Structure formats: structure tokens, C-alpha cells
Amino acid sequence: MTKNSPAYMMEKITSLSKRRGFIYQGSEIYGGLAGTYDYGPLGTALKNNIKNIWWRMFVDGRDDMYGMDASILMNPNTWVTTGHVQGFADPLSECTKCKRRFRTDQIDDKTKCPECGGELGPERQFNMMLKTQVGAMEDSSSISYLRPETAQGMFVNFKNVVDSFHPKMPFGLGQIGKAFRNEITPRDFIFRLRELEQMEVEYFVKESDWQRAFEEWRVAMNTFIKAVGIDTTRVHEVEIGDADRAHYSKRTIDFEFEYPFGQKELYGLAYRTDFDLSRHSEASKVDLSYRDEEAGERFIPHCIEPSFGLDRTMLAVLLSAYTEDTMGDSPREYLKFHPRVAPIKTAVSPLLKNKPELVSKAREVYTMLKKDIPQIMWDDNGNVGKRYRRQDEIGTPFCVTIDFDTLGETPDLKDTVTIRDRDTGEQKRMLIGDLKSYIMEQIK
Ligand code: GAP
């Protein structure tokens, strides 16, 4: 495997993620389940930090947005109305020899099995919704689906939110949650999953306002990409042509990221017109129009949808942060996270773990910081050099060390500690009393 080849990069990210507790194969002890991954302690912290940034930026930080948390299970008529039952499908062929299944739109030679060279059977449409039974009866009346997108949970609650809050147009709903797709070929680590998480906004506008709102969200999506520390030079906006757009969309921009395995979709921004509200209105017989009191008119709002895959955000953040360099005389691999997303903001250590006076002072500093900055780690394993390397590997931006000068061995330095910067390896001395505000400023 050559250095910096796609396989090398993916192997590095996958093995570091597993070794250091970011991402594990789903139900690994039973041999795994294709298309599922479990987030470990550091992965969960990183994911929560990303979700919090998203929620603050797109829900709490705005006056025109309302947060939602709708059920994963929905009345199955929802998916008939949206067209998912009939049309949420990918083209599939099965190898007549090895019985493996492939997405035919992803292979060049549609007649030959890419794995064993056997003959591929006829192409058919494979519906990607995951079916389940709801309730005690196991017949066709109890069939439901695990939602394939979070979006519909917001469309079906449009009227509820309007009736509760009487929002002025334009306004939107935002939601973070799981979605499920029975992908034919889950692959590329957490890129194509069967159980995934989405962060979606449905932003309702008057038809005449859609272009302005689309542009506003295009800019906002780029602001988010930068805020979570994704390498913006590897992100490309791609206008999707008429033939390739989803049936409900009049304009779509895909935000694509240069993954090691190719430039592929990270996020989507779509103008969904009034498709969803009109269809749900018709099918449910519930009037989903909006009355604009000022203009004295009633209409079905149009919708702009910025859709963010959370797992793809994780992958792009990890790939953007992964860095190899040489520090001192030895090579190092580390995660150069923006401090805002780093799962651990600061590690606190006593210089020596067998000196009770150092340990006790370090515990004091740790407890003081943890009160306001919960993502702090106590680390007294091995020597200081090894601790720094371990913290670098998980992307901890600062390491604080309590030494004899802290205790007053050099009187002028009493009550100061060293704080080491992950990226440069430089250490400076800082008063314990200044630590909290310094770290808080960096993680904003
Ligand atoms: N509501 C619109 C919608 O769901 P989509 O393009 O099908 O649109 C939105 O999905 C986002 O969800 C994608 O841009 C991607 O980030 C993420 N996504 C879609 N399928 C995925 C999968 N199988 N695994 C991981 N993420 C996925």
C-alpha cells in the first residue's frame, strides 16, 4: 500500500478510529452487520460537538427556525404519498455464479460480476426502504418503514407548528435524527451506511422568494463546513442537471468532498417546490396551506432543503484533521481538529505520577476546569512525552502539566502550569487562574 494512496488513507483513519475509541464496526463480536458502525466514547463526543454546532447555528441561533424530534416510525401512507414506496430504488443485478449483488449504476461492465467474473443476471429495481412490522398482527396492515429521511417528519408536522407558534413567513423546521436505507452495497467505512444520521432543515418560503432563500442557505452551508473544520479546499459545489435531480426538486446543488476514494456527495441543497406539502395535503385531506395575515393571502409554501449527513460530516472532519509530520526526530500522526469540535479539549497531568503533592495539585486544576469545560481528560499514564503523543493522536489541542514550579520550587513561577500546543508542540507557562478563559476562548 503506497503512502497517501486512497487505501492507505482509509486504512489509517479506520484503524485510528478503532484503536482510539472513535468508531467501531457495528456488533463486531458477532462478525459485524454490514452498513452499521458504532460510535465509541470519543466518536460520540465528536459527533455531539458537531450536532451542537449545527443546532446552535441553524436552530437556536436564529429567530426563524423551530426544532423538531419526530418519530422514526411513521404512518406508511406517508411514504406512498412521497413516492418512496414506488420509487426509492436503486438498480440491482445479482451474479449468477457467486450470488453477490451490485448496484448496476456503479459498475462499468453491467454484464460481468466485478468480484468473480461470473455472468450478471437481469437488472431490477430494488427498493431501499427498510420494512418492519408494527403491532401484534403480522399481516400487510402492520407493515411500516424505518424512515429513509428525517425530512418527512417535519412536513407532516408543518400544520402543528404553524398552529402552535403562528410563525411569519419565511420560517423553517430543523431536525437531527436517524434514517435507514437498505443500501445494496454499503461501503467506504461510514460513507455509505444502512443506518445513518441526518441533520435537515425544511425552510418554507413564498414561491417568489425561493431563489433568495436558496442562496442564503448555500452560504450558510459553507459557513457550517468551515465551522466544523472540514478542509474547504476539498469541498466542491456541483449543480445537478435536470436528468439527475430527485423527482421533487427544481434545483439541487450537491456539496461534494474529495474523499480518498473519489469526489462524492457530502451534503445536498434542494429546492423542493411545494411538492411535499401539496402531496400530503391532497393525500391526508388536511389543509396544509398557510395564511399570510399581512398580505391577506393563503398559499402552499415552497420549501428549500439543506440536508447534512452526520456520518459523512464525521468522515470529512476526520479526513481533514488527519495529519502526519515529524516532531523532534520522530514521525507523528495526529488529528488536527479545530478545538471547537475536538472531543477532548485539554488533558491535565501531573509531571510525575508518584509525587502526591503534584498529583493533588493537578487534581485540583482538573476539577476546576472540568466544571466549566466538561470535555477534559485526566492523563497520568507513562511519561510526559508519550502522553503528549497519545493526546495528539486523538486531537486534544492543549495539554496542561503541573510540575514542581507550580508548587513554588521557582518562587516566581508558583501557581503557573505549562500548556502545550498540539500543532506546534510549543509550551508556555500560564497562571492557573488564566487557564479557563484561555481554553474557553479557543474552543468558541
Ligand atoms: N431529505 C433529502 C435527502 O435525504 P439525500 O441526498 O438522499 O437527500 C441527504 O440524503 C444526505 O444524507 C446526503 O447528502 C448524505 O450526507 C447523507 N446520506 C444519504 N445516504 C447515506 C448513506 N447511505 N450513508 C450515509 N449518509 C448518507
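Residues numbered from 1 in each chain as written. Predicted model: local features only at pLDDT ≥ 70, side-chain atom pairs only at ≥ 80, totals over all residues. Heavy atoms only, no water.

A. Local environment of the overall build of the chain. Each helix and strand in the chain was counted, giving 12 helices and 23 strands. Judged by the C-alpha coordinates and their principal axes, the chain covers about 80 × 65 × 45 Å. Residue burial in the chain is summarised as follows: out of 444 residues, 51% are buried. Taking as baseline every contact in the chain between residues at least 6 positions apart, the subset at least 24 positions apart corresponds to 65%. A total accessible area of about 21100 Å² is found for the chain, and carbon and sulfur atoms account for 49% of it. (Helix = DSSP H or I, 4+ residues; strand = E, 2+ residues; numbered from the N terminus. Buried < 20%, exposed > 50% of the residue type's maximum accessible area, 1.4 Å probe, protein only. Contact = heavy atoms within 4.5 Å. Areas by Shrake-Rupley, 256 points an atom, 1.4 Å probe, with all protein chains shown as cover.)

B. Representation of the packing of aromatic side chains within the structure. Counting across every chain of the model gives 29 aromatic pairs. A ring pair is formed by Tyr66 and Phe165, whose centres lie 5.1 Å apart and whose planes are at 45 degrees; its orientation type is tilted. Here Tyr66 is found in strand S3 (residues 65-68), whereas its partner Phe165 is found in helix H6 (residues 158-165), with 99 residues between them in sequence. With 5.3 Å between their ring centres and 65 degrees between their planes, Phe191 and Phe261 make a pair best called edge-to-face. One end of the pair, Phe191, is in the loop between strand S9 (171-180) and strand S10 (195-205); the other, Phe261, is in the loop between strand S12 (251-259) and strand S13 (262-273), with 70 residues separating them in the sequence. An aromatic cluster is built from Trp54, Trp55, Phe58, Tyr203, Trp217, Phe224, Tyr267 and Phe308, whose rings are joined through pairwise contacts. Here the basic side chain of Arg312 rests over the ring of Phe191, its NZ or CZ set 3.7 Å away from the ring centre. Lying over the aromatic face of Tyr334, Arg332 brings its terminal NZ or CZ to 3.7 Å of the ring centre. (Phe/Tyr/Trp six-rings, centres within 6.5 Å; stacked < 30°, edge-to-face > 60°. Lys NZ or Arg CZ within 6 Å of the ring centre and 35° of its normal.)

C. Region of the structure containing the site of the ligand. Around the ligand lies a shell of 20 residues, among which Glu149, Arg181, Glu200, Glu265 and Leu266 are the nearest. Residue Glu183 places a side-chain N or O atom 2.8 Å away from a nitrogen atom belonging to the ligand. Gln198 has a polar side-chain atom sitting 3.1 Å from an oxygen atom of the ligand. For the ligand, the accessible surface in isolation is 560 Å², of which the surrounding protein chains cover 90%. Taken together, the elements giving at least two residues each to the shell around the ligand come down to S10, S13 and strand S16 (302-309). For the shell around the ligand, the element with the highest residue contribution is S13, accounting for five residues. (Near = heavy atom within 4 Å. Polar contact = N/O pair within 3.5 Å; in protein donor to acceptor, adjacent residues only side chain to side chain.)

D. Up close: the domain arrangement of the chain. One can read the domain layout of the chain as domain 1 (6-88 + 128-318) and domain 2 (344-443). With seven residues of domain 1 at the interface, the matching set in domain 2 holds six residues. Buried surface at the junction of domain 1 and domain 2, both sides included, amounts to about 580 Å², of which 48% is carbon and sulfur. Counting the surface domain 1 buries against domain 2, the share from its top three residues, Arg20, Leu42 and Asn49, is 67%. Linking domain 1 with domain 2 are two salt bridges. A salt bridge links Arg19 to Glu393; the shortest N-O distance between them is 2.3 Å. Along the contact surface separating domain 1 from domain 2 lie four residue pairs in polar contact (both at pLDDT 80 or more). Looking at the side of domain 1 that touches domain 2, the elements with two or more residues in it are helix H1 (6-19) and helix H2 (41-60). Broken down by element, the residue count for the side of domain 1 that touches domain 2 peaks at three residues, all from H2. (Domains from an automatic or database assignment. Buried area = accessible area lost by both parts, 1.4 Å probe. Salt bridge = Lys/Arg side-chain N within 4 Å of Asp/Glu carboxyl O.)

E. Broad picture of the UniProt feature "domain: Aminoacyl-transfer RNA synthetases class-II family profile" (unreviewed entry) in the chain. UniProt's entry tags residues 11-331 with the feature "domain: Aminoacyl-transfer RNA synthetases class-II family profile" (unreviewed entry), counted in the numbering of this structure. In residues 11-331, helix accounts for 28% and strand for 31%; the two terminal C-alpha atoms are 18 Å from one another. (UniProt positions renumbered as here; feature names shortened; annotations may be inferred.)

F. A look at helix H8 (residues 275-284). For H8, the set of buried residues is Phe275, Asp276, Leu277, Ser278, His280 and Ser281. The secondary structure elements touched by the buried residues of H8 are helix H3 (77-81), helix H5 (151-155), H6, S10 and S13. Where H8 ends, the next residue or the one after it, Lys285, has phi of about 65 degrees, a positive value.

G. Broad picture of the environment of Lys428. Summarising the element assignment, Lys428 is placed in strand S23 (residues 427-431). Separated by 90 residues in the primary sequence, Lys428 and His338 have C-alpha atoms spaced 20 Å apart. Once residues lying within four places of it in the same chain are set aside, the contact partners of Lys428 are Val417, Thr418, Ile419 and Tyr438.

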